[in-house]
Amino acid sequence: MSATSTSNSVPLAAKEMNNSITWRNSAQPLLPVRIDTAQAVAAPYNPFPFHAMGNDKINNGYESLARYIAQHKLVLIDGYVGVFFHEVQLQLQEALEKKGLKVKWIATDKYLQAPDAIQEMVQPFLGEEKSVWGRRCNLHLKDFFQLSALTAVQPDAHADITIVIGVGAALTGWEAPVIYFDLPKNELQYRMRAKSICNLGARSPESAFAMYKRFYFVDWVVLNNYRKEILDRLTVIADGQWHTDVNWALANDIRNAMHDLGQSVWRVRPWFEPGSWGGQWMKRRLKGLNTDVVNYAWSFELITPENGLIVESNGYLLECSFDFLMLWEHEAVLGKHAQQFGDYFPIRFDFLDTFDGGNLSIQCHPSLPYIREQFGETITQDETYYILDCGPGARVFLGFQESIQPDEFRAALEDSQANNKPVDVDKFVQSFPSHKHDLFLIPNGTVHSSGKNNLVLEISATPYIFTFKMYDWLSLDLNGQPRPINIEHAFNNLRFERKGKRVPEELISKPAVIDRGEDWELVHLPTHPDHFYDVHRVEFDSAITVQTEDRCHVCMLVEGTRIEIAMNGKTMGHYNYAETFVIPAAAKQYTIINKGAGRAKVVKAFLK
């Protein structure tokens, strides 16, 4: 590095990454820098779904990025928390030195507030120390900086190029190109677990538990709002998930790609996590996943606060946060509901796999007033369980027994937590056999759990961490530790009137055919009045055309092998069994073509 470079405040873990320190902790593979597109499209399940931008839109490598930078006297390299800005600087410095250029580097982390001051500032949003939850903060990125000192920074008149690098670089206010390094949330968490990164402005890494809570309630809120503020200033968007490589594109080209997706069909990149109760269905059935893991409990099929969208050009892949699509195209995506939800995507799809695993915890979710008052969220975690597949003896726990006595139930739960004693769950909670294509309704406050040997497609409102566990079958997490139990929160929200005969009457959907043709049927799976989304299942032999009616459709092929989506007579994509895809409202209509043998079934969730 040149004598004019600065990087003194880079965390030690980042500085020592090249000295064999592990920089990510995950069995999941990195996104490939480049792929064989034909092979990926033909795969029976594609874990890296991409959207073609056309030729020559994505550039690869730091040498190419250095060529872009060399055209400018001033450059701002900004981006998300967790990006290895020190490594970015090392790679670019080497490439720029080869061009004979003298570079002045100014690191934004030198202008952060003192770590203790930042900790004091964020503490009110982090809740109790052992609690899973905090409260969404109302801070701004500028609050983390000695702003007057950062904005007073001046370019070096003796350097060929002055580069401000790090989170908040655009806060300098310089009129200069802004190169934004994005980072997928799964990779951020893998780095978090490896302790190769810190929270924003923190002195050193903490436990993964503490860091995730801080990320969710503070860092991500602040940086998502900041990205929105500087969106129109971005000139380059770069993918920061690789250690010593980079793919990047002009922001205008990414903007055009997002516009195309706002009119078409898309699939986010799913990612997968093991868990204490996790199962084997996804390992066995979703070809292309790493099977060298103990299990898979969850698939983030469409949990948009943590998913990315992959764009492709000449085989090169670039993953950018889902936020970019919604910031630019939320009206096209959500149609008549855009005013209600803005740039927030309201529907979630994910898998819960308990095949040859265990039971989920006995749990419930918060009411709308409670999640707003306690955690600062705007909508609550109203769910449904769609049974994609199930094995012998599979069941779903749902609602209370007619004889439920809340005080007796609570006493049993507290005794279990205090003395590690099993609870006779069936004494208090009902359970129902699960069958393929059943839909169980779980509005907030409903006691529930998935039992062993289910592959649940969880169709839900987007919030996803607000689960109040009351009983976890005395199980331990994958690190051998008890998972947090939240009896107090649960009892502040449980709906004890959802019991006895009311449960199968009100909380198990009753399918009804509402339209049919020569070789197709449209089945309505009614949801609960508390759910703001509804569910249809399209069943067909050959093809069917569907109108969006100015609504976004979130879909999955739940029976069959492969389908094709066509719009205006043009093939827009192919989707396999168990793959989630989304049709924006602006698409207006689309045709689903069955490319496999036998009848195909597609679940479609949409806003009421």
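Residues numbered from 1 in each chain as written. Predicted model: local features only at pLDDT ≥ 70, side-chain atom pairs only at ≥ 80, totals over all residues. Heavy atoms only, no water.

1. Let's talk about the overall build of the protein chain
Alright, step 1. Of the regular secondary structure elements, the protein chain holds 17 helices and 31 strands.
Alright, step 2. Rg of the C-alpha trace for the protein chain: 25 Å, near the compact-globule value of 25 Å for 608 residues, within the 12% margin.
Alright, step 3. The principal-axis extent of the C-alpha atoms belonging to the protein chain is close to 80 × 60 × 45 Å.
Alright, step 4. Sequence-distant contacts, at least 24 apart, represent 79% of the contacts inside the protein chain between residues at least 6 apart. (Helix = DSSP H or I, 4+ residues; strand = E, 2+ residues; numbered from the N terminus. Rg over C-alpha atoms; globule rule 2.2 N^0.38 Å. Contact = heavy atoms within 4.5 Å.)

2. Quick notes on the packing of aromatic side chains
Alright, step 1. Under the defined criterion, the tally for this structure stands at 38 aromatic pairs.
Alright, step 2. Aromatic pair W133 and F468: ring centres 5.1 Å apart, planes at 90°, arrangement edge-to-face. Linking W133 in the loop between α5 (115-122) and α6 (147-151) with F468 in strand β21 (residues 468-471), this pair joins segments that are 335 residues apart in sequence.
Alright, step 3. Ring centres of F532 and Y533 lie 5.9 Å apart, and the angle between their planes is 80°; on these two criteria the pair is classed as edge-to-face.
Alright, step 4. With a relative accessible area of 21%, F532 lands in the partly exposed category.
Alright, step 5. Sitting over the ring of W220, K185 keeps its end group 5.0 Å from the ring centre. (Phe/Tyr/Trp six-rings, centres within 6.5 Å; stacked < 30°, edge-to-face > 60°. Buried < 20%, exposed > 50% of the residue type's maximum accessible area, 1.4 Å probe, protein only. Lys NZ or Arg CZ within 6 Å of the ring centre and 35° of its normal.)

3. A short note on the nonpolar core
Alright, step 1. Core analysis: the largest hydrophobic core is formed by 198 residues, its most contacted members being I69, I77, F181, W266, F345 and F409.
Alright, step 2. Element by element, the count of residues in this core is highest for helix α8 (residues 208-230), at 12 residues.
Alright, step 3. With near-sequence residues (within four places) excluded, I77 lies in contact with I69, F85, L92, W105, I163, V164, I165, G166, A169, I179 and F181.
Alright, step 4. Formed by 8 residues, the second largest nonpolar core is a distinct cluster that contains L31, A40, W242 and I310. (Core = buried A, V, L, I, M, F, W, Y, C linked by side-chain atoms within 4.5 Å.)

4. Side note on helix α3 (residues 62-69)
Alright, step 1. Most of α3 sits out of view: 6 of its 8 residues are buried.
Alright, step 2. Y62, S64, L65, A66, Y68 and I69 are the residues of α3 that are buried.

5. Considerations on the sheet that holds strand β15 (residues 383-390)
Alright, step 1. Spatially, β9-β10-β13-β20-β15-β18 is the arrangement adopted by the 6 strands of the open sheet, whose pairing is antiparallel. Either end of the sheet is taken by a strand with one partner, and the two such strands are β9 (272-273) and β18 (439-442).
Alright, step 2. Of the pairings in the sheet, the one linking β15 to β18 comprises 4 bridges and is antiparallel in character. In the strand pairing of β18, E383 is matched with I442. (Pairing = 2+ DSSP bridges.)

6. Points about the state of the cysteines
Alright, step 1. Summed over the entire model, instances satisfying the criterion amount to 0 disulfides.
Alright, step 2. Left without a disulfide partner, C320 is nearest to the cysteine sulfur of C552, which lies 17 Å away.
Alright, step 3. Overall, the relative accessible area of 1% leaves C320 in the buried class.
Alright, step 4. With no disulfide of its own, C552 lies closest to C555 among cysteine sulfurs, the gap being 8.3 Å.
Alright, step 5. C552 sits in the buried class, given a relative accessible area of 5%. (Disulfide = S-S within 2.5 Å.)

7. What to know about the pattern of salt bridges
Alright, step 1. All chains considered together, the criterion is met by 32 salt bridges.
Alright, step 2. Residue E187 pairs with R24 through a salt bridge whose shortest N-O separation is 2.8 Å. Pair noted here: E187 is in helix α7 (residues 185-194) and R24 is in the loop between α1 (12-15) and α2 (37-42), with a separation of 163 residues, a long-range link. In this structure, E187 and R24 share a single accessibility class: buried.
Alright, step 3. A salt bridge links D182 to R227, with the nearest nitrogen and oxygen atoms 3.2 Å apart. Within this pair, whereas D182 is found in strand β6 (residues 178-182), its partner R227 is found in helix α8, the two being separated by 45 residues in sequence. You'll find D182 and R227 in the same group, each marked buried.
Alright, step 4. Through salt bridges with shared partners, a single network forms among R348, D350, E383 and E458. (Salt bridge = Lys/Arg side-chain N within 4 Å of Asp/Glu carboxyl O.)

8. A word on the pairing of strand β8 (residues 247-250)
Alright, step 1. Two elements, strand β2 (residues 59-60) and β8, share 2 bridges in a ladder whose sense is antiparallel. Looking across to β8, one finds that N59 is bridged to W248.
Alright, step 2. Pairing of strand β7 (residues 234-239) with β8, which is carried by 4 bridges, proceeds in the antiparallel orientation. For V236, the partnering residue across the bridge sits in β8 and is L250.

9. Notes on the pairing of strand β5 (residues 161-165)
Alright, step 1. Within β5, 5 of the 5 residues are buried, which leaves the element mostly enclosed by the surrounding structure.
Alright, step 2. What you see with β5 is no split at all: I161, I163 and I165 on one side and T162 and V164 on the other are buried throughout.
Alright, step 3. For strand β3 (residues 74-79) and β5, the ladder comprises 4 bridges, and the chain directions are parallel. Of the residues in β5, the one forming a bridge with I77 is I165.

10. Considering the environment of F84
Alright, step 1. The residue F84 is located in the loop between β3 and α4 (85-98) in this model.
Alright, step 2. For F84, a relative accessible area of 5% translates into the label buried.
Alright, step 3. Along the chain, F84 and W174 lie 90 residues apart, while their C-alpha atoms are 23 Å from each other.

11. Observations regarding the side chain of N307
Alright, step 1. Along the chain, N307 turns up in the loop between β10 (298-302) and β11 (308-313).
Alright, step 2. Judged by its relative accessible area of 4%, N307 is buried.
Alright, step 3. From its side chain, N307 meets the backbone oxygen of R269 in a polar contact 2.8 Å long. (Polar contact = N/O pair within 3.5 Å; in protein donor to acceptor, adjacent residues only side chain to side chain.)

12. Considerations on the sheet that holds strand β24 (residues 533-540)
Alright, step 1. Pairing within the open sheet is antiparallel, and its 6 strands lie in the order β22-β23-β24-β31-β26-β29. Whereas interior strands pair on both sides, the edge strands pair on one side only; in this sheet they are β22 (512-516) and β29 (580-583). Along the sheet, successive strands turn relative to each other by an average axial angle of 30°, direction set aside.
Alright, step 2. Where strand β23 (residues 520-525) and β24 come together, 6 bridges link them in antiparallel fashion. When the sheet's bridge partners are listed, E521 is paired in β24 with E539. (Axes fitted to C-alpha atoms, helices over the stretch in contact; angles between N-to-C directions.)

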